[in-house]
Amino acid sequence: MKKVLSILCVICLAAALVACGSSDKEYNVSDVLAALDAANPLSDGRALTEDEVNLSMNISSDLYEEFAGTISNDATTGALNVVFKAVDGKASDIANALSTYQANQVSVLEPYAPENAAILEDATVQTKGNYVMVVFGASADVYPAVDTAIADTFK
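Residues numbered from 1 in each chain as written. Predicted model: local features only at pLDDT ≥ 70, side-chain atom pairs only at ≥ 80, totals over all residues. Heavy atoms only, no water.

K.L.:
Mind showing me how you'd approach the overall build of the protein here?
P.N.:
A count of helical and extended segments in the protein gives six helices and five strands. Reading the helices (α) and strands (β) of the protein from amino to carboxyl end gives α-α-β-α-β-β-α-α-β-β-α. Counting only residues that meet the buried cut, the protein has 39% of its 155 residues in that class. Long-range pairs, those at least 24 residues apart, make up 62% of the contacts in the protein between residues at least 6 apart in sequence. Accessible surface, the protein as shown: approximately 8,600 Å² in total, 57% of it carbon and sulfur. (Helix = DSSP H or I, 4+ residues; strand = E, 2+ residues; numbered from the N terminus. Buried < 20%, exposed > 50% of the residue type's maximum accessible area, 1.4 Å probe, protein only. Contact = heavy atoms within 4.5 Å. Areas by Shrake-Rupley, 256 points an atom, 1.4 Å probe, with all protein chains shown as cover.)

Listed below in structure tokens is the structure:
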């Protein structure tokens with residue numbers, strides 16, 4: 001009987017250790033943003049503010065734990081790099097809001113800068129666990145480098 005109890009205790013302990021080891025890896029949003037900024041350098045870039053995230057992107061602070069972003073001051077490009085660490089279960093809400101923001105930016109740029117609108121249309125919202133990123137390229141040729149930067153960062 002003692003052997004059976006000992007074996008059950010060992011099995012329970014092993015299961016508990018496996019469960020602890022499967023937690024999602026944590027990333028520093030500033031480090032992720034640095035990788036995005038290197039892949040998509042923005043001319044005259046500045047830090048994205050919480051007000052811009054809330055008002056322009058329609059992403060309220062209850063959806064994320066933290067974010068970091070860079071946006072170009074050149075309004076004709078709409079270029080930006082942004083990463084969010086979502087609250088558990090909220091990554092898809094952020095991704096949906098970013099997709100809507102992307103569509104809105106494309107429609108704003110289309111009448112007077114159709115070539116820049118086309119570049120924004122090629123952008124993709126990417127989710128890695130609780131992290132959600134979007135890059136609006138300063139040019140169309142940055143997107144492969146952005147995909148590589150994201151893949152390398154989230155290894």
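K.L.:
So what exactly am I meant to see when it comes to the pattern of salt bridges here?
P.N.:
Oppositely charged side chains may form a pair once their charged atoms are brought near each other. Applying the stated criterion to the full structure yields five salt bridges. Between K85 and E26 there is a salt bridge, with the nearest N and O atoms lying 2.4 Å from each other. Placement of K85 in strand β3 (residues 80-86) and of E26 in the loop between α1 (2-21) and α2 (29-39) is noted, with a sequence separation of 59 residues between them. Here K85 falls in the buried class, since its relative accessible area comes to 9%. (Salt bridge = Lys/Arg side-chain N within 4 Å of Asp/Glu carboxyl O.)

K.L.:
Would you explain helix α5 (residues 114-121) in this entry?
P.N.:
Think of an α-helix as 3.6 residues a turn; residues three or four steps apart then line up on the same face. For α5, the complete set of buried residues consists of N116, A117, I119 and L120. Projected down its long axis, α5 shows its buried positions confined to an angular sector of 155 degrees, all on one face. For α5, the elements touching its buried residues are α4 (91-109), β5 (131-136) and α6 (143-153). (Arc of directions from axis to C-beta.)

K.L.:
Explain the nonpolar core to me, please; I cannot follow it from the model alone.
P.N.:
The nonpolar side chains of a soluble globular protein tend to be buried with one another. M57, I59, F84 and I94 are the most contacted members of the largest nonpolar core, which has 45 residues in total. Those elements that provide at least two residues to this core are α2, β2 (64-72), β3, α4, α5, β5 and α6. The element contributing the most residues to this core is α4, with eight residues. Beyond its immediate chain neighbours, meaning those up to four positions away, I59 contacts V53, N54, Y64, F84, I94, A97 and L98. (Core = buried A, V, L, I, M, F, W, Y, C linked by side-chain atoms within 4.5 Å.)

K.L.:
Can you help me understand the packing of α2 against α6 in this one?
P.N.:
The axes of two packed helices give the description: the angle between them and the distance between them. Direction vectors running N to C along α2 and α6 enclose 155 degrees, while the axes themselves pass 8 Å from each other. The angle between α2 and α6 falls in the class roughly antiparallel. Considering the relative orientation of α2 and α6, their crossing is right-handed. Along its contact with α2, which presents V32, A35, L36 and A39, the element α6 presents A145, V146, A149, I150 and T153. (Axes fitted to C-alpha atoms, helices over the stretch in contact; angles between N-to-C directions. Parallel < 35°, antiparallel > 145°, perpendicular 65-115°, else oblique. Left-handed = near helix turned anticlockwise from the far one by under 90°.)

K.L.:
Help me understand the environment of N104 in this model?
P.N.:
Its location among the elements puts N104 in helix α4. Judged by its relative accessible area of 39%, N104 falls in the partly exposed class. The spacing of N104 and S56 is 48 residues in sequence and 9.7 Å in space, taken between C-alpha atoms.

K.L.:
Honestly, the sheet that holds β3 in this entry has me stumped. Any pointers?
P.N.:
Either a parallel or an antiparallel arrangement is found when strands of a sheet pair, and the pairing is made through backbone hydrogen bonds. Taken in spatial order, the five strands make up an open sheet running β1-β2-β3-β5-β4, and their pairing is antiparallel. In this open sheet, the two edge strands, each paired with only one partner strand, are β1 (45-47) and β4 (125-128). The average angle at which neighbouring strand axes cross in this sheet is 15 degrees, direction not considered. Two elements, β4 and β5, share four bridges in a ladder whose sense is antiparallel. When the bridges of β5 are listed, Q126 appears paired with M133. (Pairing = 2+ DSSP bridges.)

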